[in-house]
Amino acid sequence: DVKVTQSSRYLVKRTGEKVFLECVQDMDHENMFWYRQDPGLGLRLIYFSYDVKMKEKGDIPEGYSVSREKKERFSLILESASTNQTSMYLCATDRGTNEKLFFGSGTQLSVL
Amino acid sequence: GESVGLHLPTLSVQEGDNSIINCAYSNSASDYFIWYKQESGKGPQFIIDIRSNMDKRQGQRVTVLLNKTVKHLSLQIAATQPGDSAVYFCAENSHGSSNTGKLIFGQGTTLQVKP
(Lines give C-alpha, C1' and ligand atoms only; values in the text may rest on other atoms or scores of the structure.)
Protein backbone atom coordinates (compact mmCIF):
# COMPACT_ATOMS: atom_id res chain seq x y z
CA ASP A 1 0.00 0.00 0.00
CA VAL A 2 1.04 3.55 -0.67
CA LYS A 3 2.13 5.40 2.41
CA VAL A 4 1.85 9.17 2.56
CA THR A 5 3.34 10.58 5.73
CA GLN A 6 2.77 14.08 7.01
CA SER A 7 5.31 15.18 9.58
CA SER A 8 2.93 16.69 12.11
CA ARG A 9 -0.57 15.75 13.18
CA TYR A 10 -1.22 19.01 15.04
CA LEU A 11 0.57 22.35 14.86
CA VAL A 12 -0.01 25.61 16.69
CA LYS A 13 1.71 28.69 15.32
CA ARG A 14 1.55 32.42 15.84
CA THR A 15 0.54 35.03 13.28
CA GLY A 16 3.52 36.05 11.17
CA GLU A 17 5.53 32.88 11.73
CA LYS A 18 6.97 30.93 8.82
CA VAL A 19 5.47 27.46 8.77
CA PHE A 20 6.70 24.33 7.01
CA LEU A 21 4.45 21.34 6.42
CA GLU A 22 6.28 18.26 5.21
CA CYS A 23 4.97 15.32 3.23
CA VAL A 24 6.78 12.16 2.17
CA GLN A 25 5.51 9.34 -0.06
CA ASP A 26 7.08 5.94 -0.52
CA MET A 27 5.69 4.80 -3.88
CA ASP A 28 7.83 6.73 -6.36
CA HIS A 29 4.77 8.63 -7.63
CA GLU A 30 5.37 11.57 -9.92
CA ASN A 31 2.46 13.68 -8.74
CA MET A 32 2.03 15.28 -5.34
CA PHE A 33 -0.63 17.66 -4.09
CA TRP A 34 -1.45 19.91 -1.16
CA TYR A 35 -5.08 20.52 -0.22
CA ARG A 36 -6.72 22.35 2.61
CA GLN A 37 -10.01 21.20 4.07
CA ASP A 38 -12.46 23.53 5.76
CA PRO A 39 -16.01 22.91 7.02
CA GLY A 40 -18.55 23.71 4.34
CA LEU A 41 -15.88 24.25 1.69
CA GLY A 42 -14.63 20.73 1.11
CA LEU A 43 -11.13 20.06 -0.21
CA ARG A 44 -9.45 22.86 -2.13
CA LEU A 45 -6.23 22.47 -4.08
CA ILE A 46 -3.41 24.79 -3.05
CA TYR A 47 -0.43 23.61 -5.13
CA PHE A 48 0.67 20.52 -6.94
CA SER A 49 3.81 19.14 -8.51
CA TYR A 50 4.29 16.77 -11.43
CA ASP A 51 8.02 16.36 -11.05
CA VAL A 52 11.03 17.33 -9.01
CA LYS A 53 11.55 21.10 -8.89
CA MET A 54 8.30 21.59 -10.73
CA LYS A 55 5.24 23.26 -9.21
CA GLU A 56 1.91 24.60 -10.35
CA LYS A 57 -0.69 26.71 -8.63
CA GLY A 58 -3.97 25.17 -7.67
CA ASP A 59 -7.17 27.00 -6.90
CA ILE A 60 -6.07 28.87 -3.76
CA PRO A 61 -2.27 29.44 -3.87
CA GLU A 62 -2.25 32.88 -2.27
CA GLY A 63 -0.21 32.98 0.91
CA TYR A 64 1.49 29.65 0.20
CA SER A 65 4.54 28.35 -1.59
CA VAL A 66 5.90 24.85 -2.13
CA SER A 67 9.17 23.04 -2.60
CA ARG A 68 9.92 19.73 -4.30
CA GLU A 69 13.66 19.07 -4.17
CA LYS A 70 13.30 15.30 -4.08
CA LYS A 71 10.72 13.09 -5.73
CA GLU A 72 9.43 11.66 -2.49
CA ARG A 73 9.09 14.92 -0.57
CA PHE A 74 6.73 17.84 -1.11
CA SER A 75 6.73 20.74 1.33
CA LEU A 76 4.10 23.41 1.85
CA ILE A 77 5.34 26.74 3.16
CA LEU A 78 3.35 29.51 4.78
CA GLU A 79 5.68 32.48 4.49
CA SER A 80 3.82 34.53 7.11
CA ALA A 81 1.04 32.61 8.76
CA SER A 82 -2.31 34.31 9.22
CA THR A 83 -5.37 33.30 11.21
CA ASN A 84 -7.34 32.55 8.03
CA GLN A 85 -4.83 29.79 7.30
CA THR A 86 -6.07 27.82 10.28
CA SER A 87 -7.22 24.62 8.60
CA MET A 88 -6.68 20.91 8.02
CA TYR A 89 -3.92 20.42 5.45
CA LEU A 90 -3.86 17.23 3.42
CA CYS A 91 -1.04 15.96 1.26
CA ALA A 92 -1.82 13.51 -1.54
CA THR A 93 -0.08 11.64 -4.31
CA ASP A 94 -1.04 9.72 -7.43
CA ARG A 95 0.72 8.00 -10.30
CA GLY A 96 -0.97 9.88 -13.12
CA THR A 97 -4.06 11.50 -14.54
CA ASN A 98 -7.29 9.61 -13.87
CA GLU A 99 -5.70 7.68 -11.07
CA LYS A 100 -6.85 7.69 -7.49
CA LEU A 101 -5.27 10.01 -4.98
CA PHE A 102 -3.68 8.60 -1.84
CA PHE A 103 -3.93 10.94 1.11
CA GLY A 104 -1.90 11.45 4.24
CA SER A 105 -3.55 11.68 7.65
CA GLY A 106 -3.55 15.45 7.60
CA THR A 107 -2.06 18.26 9.68
CA GLN A 108 -4.44 20.36 11.74
CA LEU A 109 -2.84 23.80 11.82
CA SER A 110 -4.01 26.48 14.19
CA VAL A 111 -2.70 30.01 13.73
CA LEU A 112 -3.22 32.21 16.77
CA GLY B 1 -18.98 26.87 -13.77
CA GLU B 2 -17.93 23.49 -12.53
CA SER B 3 -19.36 22.11 -9.38
CA VAL B 4 -19.48 18.77 -7.71
CA GLY B 5 -22.14 18.53 -5.12
CA LEU B 6 -23.86 16.07 -2.88
CA HIS B 7 -27.60 16.29 -2.43
CA LEU B 8 -27.67 15.89 1.34
CA PRO B 9 -25.14 17.02 3.94
CA THR B 10 -26.22 14.30 6.38
CA LEU B 11 -27.71 10.85 5.90
CA SER B 12 -28.89 8.74 8.81
CA VAL B 13 -29.54 5.02 8.32
CA GLN B 14 -30.27 2.02 10.48
CA GLU B 15 -27.56 -0.58 10.89
CA GLY B 16 -28.13 -3.34 8.36
CA ASP B 17 -30.00 -1.15 5.89
CA ASN B 18 -28.60 -0.13 2.54
CA SER B 19 -27.28 3.42 2.14
CA ILE B 20 -27.39 5.54 -0.98
CA ILE B 21 -25.29 8.68 -1.19
CA ASN B 22 -25.86 10.93 -4.18
CA CYS B 23 -23.69 13.34 -6.07
CA ALA B 24 -24.37 15.68 -8.99
CA TYR B 25 -21.71 17.01 -11.29
CA SER B 26 -21.92 19.72 -13.91
CA ASN B 27 -18.96 19.14 -16.23
CA SER B 28 -20.08 16.82 -19.01
CA ALA B 29 -16.44 16.51 -20.13
CA SER B 30 -15.43 14.73 -16.91
CA ASP B 31 -14.52 11.11 -17.57
CA TYR B 32 -13.35 9.81 -14.22
CA PHE B 33 -15.19 9.78 -10.91
CA ILE B 34 -14.19 8.61 -7.49
CA TRP B 35 -15.61 8.15 -4.00
CA TYR B 36 -13.69 8.71 -0.78
CA LYS B 37 -14.50 7.96 2.84
CA GLN B 38 -13.11 10.14 5.60
CA GLU B 39 -13.33 9.09 9.22
CA SER B 40 -12.91 11.60 11.99
CA GLY B 41 -9.28 12.65 12.40
CA LYS B 42 -8.07 10.79 9.32
CA GLY B 43 -7.30 11.58 5.73
CA PRO B 44 -9.71 10.53 2.95
CA GLN B 45 -9.54 6.88 1.95
CA PHE B 46 -10.28 5.60 -1.54
CA ILE B 47 -13.47 3.53 -1.81
CA ILE B 48 -14.21 3.00 -5.48
CA ASP B 49 -13.82 4.72 -8.82
CA ILE B 50 -15.53 4.58 -12.20
CA ARG B 51 -14.68 5.77 -15.68
CA SER B 52 -17.20 7.30 -18.01
CA ASN B 53 -17.29 4.28 -20.31
CA MET B 54 -19.06 2.38 -17.53
CA ASP B 55 -22.46 2.78 -15.85
CA LYS B 56 -21.87 0.62 -12.82
CA ARG B 57 -19.00 -0.79 -10.86
CA GLN B 58 -19.08 -3.00 -7.80
CA GLY B 59 -16.69 -3.47 -4.97
CA GLN B 60 -16.95 -5.17 -1.64
CA ARG B 61 -20.36 -4.07 -0.27
CA VAL B 62 -20.21 -0.91 -2.38
CA THR B 63 -21.57 -0.06 -5.82
CA VAL B 64 -21.06 3.11 -7.78
CA LEU B 65 -23.60 4.10 -10.42
CA LEU B 66 -22.95 6.70 -13.07
CA ASN B 67 -25.75 8.32 -15.06
CA LYS B 68 -24.13 10.54 -17.64
CA THR B 69 -27.45 11.67 -19.08
CA VAL B 70 -28.39 13.54 -15.93
CA LYS B 71 -24.80 13.90 -14.64
CA HIS B 72 -25.44 11.98 -11.49
CA LEU B 73 -23.23 9.69 -9.44
CA SER B 74 -24.27 7.55 -6.51
CA LEU B 75 -22.61 5.33 -3.96
CA GLN B 76 -24.56 2.42 -2.57
CA ILE B 77 -23.42 0.68 0.58
CA ALA B 78 -25.02 -2.67 1.31
CA ALA B 79 -25.82 -3.78 4.86
CA THR B 80 -24.49 -0.60 6.43
CA GLN B 81 -22.36 -1.14 9.52
CA PRO B 82 -21.34 1.21 12.36
CA GLY B 83 -17.84 1.31 10.86
CA ASP B 84 -19.31 2.92 7.76
CA SER B 85 -20.05 6.10 9.73
CA ALA B 86 -17.93 8.79 8.09
CA VAL B 87 -18.00 11.66 5.63
CA TYR B 88 -18.22 10.55 2.01
CA PHE B 89 -16.86 12.68 -0.82
CA CYS B 90 -17.38 12.32 -4.52
CA ALA B 91 -14.85 13.79 -6.93
CA GLU B 92 -14.53 14.21 -10.67
CA ASN B 93 -11.55 14.93 -12.84
CA SER B 94 -11.59 18.30 -14.46
CA HIS B 95 -10.99 17.72 -18.14
CA GLY B 96 -11.92 20.72 -20.14
CA SER B 97 -11.08 23.22 -17.39
CA SER B 98 -7.93 25.09 -16.53
CA ASN B 99 -7.21 22.39 -13.95
CA THR B 100 -7.06 19.55 -16.48
CA GLY B 101 -6.33 16.23 -14.90
CA LYS B 102 -6.95 17.18 -11.29
CA LEU B 103 -9.78 16.08 -9.07
CA ILE B 104 -12.54 18.42 -7.97
CA PHE B 105 -14.26 17.40 -4.74
CA GLY B 106 -17.79 17.79 -3.50
CA GLN B 107 -18.44 19.06 0.00
CA GLY B 108 -19.24 15.70 1.50
CA THR B 109 -22.16 13.80 3.02
CA THR B 110 -21.98 12.65 6.62
CA LEU B 111 -23.30 9.12 7.01
CA GLN B 112 -24.60 8.29 10.48
CA VAL B 113 -25.36 4.66 11.25
CA LYS B 114 -27.85 4.06 14.03
CA PRO B 115 -27.50 0.81 15.99
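Cut-offs applied
Residue indices follow the written sequence of each chain, beginning from 1 at its first position. Both sets of labels track the order of writing: A upward for chains, 1 upward for ligands. Confidence filtering applies because this is a predicted model: local features only for residues at pLDDT of at least 70, side-chain atom pairs given and counted only at 80 or more, and all residues used for totals across whole chains, interfaces and linings. Excluded from the side-chain calculations are hydrogens and water; all other atoms, namely the structure's heavy atoms, are used. Numbering of helices and strands starts at the N terminus; helices are DSSP runs of H or I of at least 4 residues and strands are runs of E of at least 2. Throughout, radius of gyration means the C-alpha value; the globule benchmark is 2.2 Å times the number of residues raised to the power 0.38. Here's how the labels work: a residue is buried when its accessible area is under 20% of the maximum for its type, exposed when over 50%, partly exposed in between, all with a 1.4 Å probe on protein chains only. In this scheme Phe, Tyr and Trp rings, the latter by its six-membered ring, pair at centre separations within 6.5 Å, and the angle between planes marks the pair as stacked below 30 degrees, edge-to-face above 60, and tilted otherwise. Remark: a charge is flagged as sitting over a ring if the NZ atom of Lys or the CZ atom of Arg is within 6 Å of the ring centre and within 35 degrees of the ring normal. We call two residues in contact whenever any of their non-hydrogen atoms come within 4.5 Å of each other. Following DSSP output, two strands are said to pair if at least two bridges run between them. In this description, a line fitted to the C-alpha atoms serves as the axis of each element, helices being fitted only across the stretch in contact, and the angle between N-to-C directions of two axes falls anywhere from 0 to 180 degrees. By convention in these notes, a salt bridge is any Lys or Arg side-chain nitrogen within 4 Å of a carboxyl oxygen on Asp or Glu.

### Focus on the overall build of chain A
Then step 1. For chain A, the count of helices and strands is 0 helices and 11 strands.
Then step 2. Listed N to C, the secondary structure of chain A is β-β-β-β-β-β-β-β-β-β-β in terms of helices and strands.
Then step 3. The C-alpha radius of gyration computed for chain A amounts to 13 Å, which stays within 12% of the reference 13 Å derived for 112 residues, consistent with globular compactness.
Then step 4. Taken over the C-alpha atoms alone, chain A extends approximately 35 × 30 × 25 Å along its principal axes.
Then step 5. Taken across its 112 residues, chain A has 49% of its residues classed as buried.

### Looking at the packing of aromatic side chains
Then step 1. One pass over the structure, following the stated rule, counts 11 aromatic pairs over all chains.
Then step 2. Ring plane angle 25° and centroid distance 6.0 Å describe the contact between A:F33 and A:F48, whose orientation is recorded as stacked. Of this pair, A:F33 sits in strand 4 (residues 31-38) while A:F48 is found in strand 5 (residues 42-49), placing the two residues 15 residues apart along the sequence.
Then step 3. Accessibility expressed as a relative area gives 1% for A:F48, which makes it buried.
Then step 4. Between the aromatic rings of A:F103 and B:F105, the centroid separation amounts to 6.1 Å while the plane-to-plane angle is 70°, which identifies the pairing as edge-to-face. Taken as a pair, A:F103 in strand 10 (residues 102-103) and B:F105 in strand 10 (residues 103-105) lie in two separate chains rather than in one.
Then step 5. Take A:F103: its relative accessible area is 11%, and that puts it in the buried class.
Then step 6. Each residue in the set A:F33, A:Y35, A:F48, A:Y50, A:F103, B:Y36, B:F46 and B:F105 is aromatic and connected to the rest through ring pairs, giving one cluster.
Then step 7. A cation over an aromatic ring shows up here: A:R9 above the ring of A:Y10, its NZ or CZ 5.2 Å from the ring centre.
Then step 8. Over the face of the ring belonging to B:F46 we find A:K100, whose NZ or CZ atom lies 4.6 Å from the ring centre.

### Structural notes on the environment of A:G58
Residue and element names in this part refer to chain A.
Then step 1. By secondary structure assignment, the location of G58 is in the loop between strand 6 (56-57) and strand 7 (65-70).
Then step 2. Through-space distance from the C-alpha of G58 to that of R44 is 8.1 Å; in sequence the pair is 14 residues apart.
Then step 3. Every residue in contact with G58, bar those within four places of it in the chain, is listed here: L45, I46 and Y47.

### Side note on the sheet that holds strand 1 (residues 4-6) of chain A
Residues and elements named next belong to chain A.
Then step 1. Overall, antiparallel pairing links the 4 strands, which are arranged 1-3-8-7 in an open sheet. The strands lining the two open edges of the sheet, one partner per strand, are strand 1 and strand 7. Ignoring strand direction, the axes of neighbouring strands in this sheet form an average angle of 20°.
Then step 2. Strand direction decides the pairing type here: strand 7 and strand 8 (residues 73-78), joined by 4 bridges, are antiparallel. Paired with S65 across the bridge in strand 8 is I77.

### Points about the pattern of salt bridges
Then step 1. Applying the stated criterion to the full structure yields 10 salt bridges over all chains.
Then step 2. In this structure, A:R44 engages A:D38 in a salt bridge whose closest nitrogen and oxygen atoms are separated by 2.9 Å.
Then step 3. The exposure class of A:R44 is partly exposed, given its relative accessible area of 25%.
Then step 4. For B:D49, the salt bridge is made with B:R57, and the minimal N-O distance between the two is 2.3 Å.
Then step 5. Connected through salt bridges with shared partners, the residues A:D28, A:E30 and A:K71 form a single ionic network.

Read these as spatial facts, not as claims about activity.
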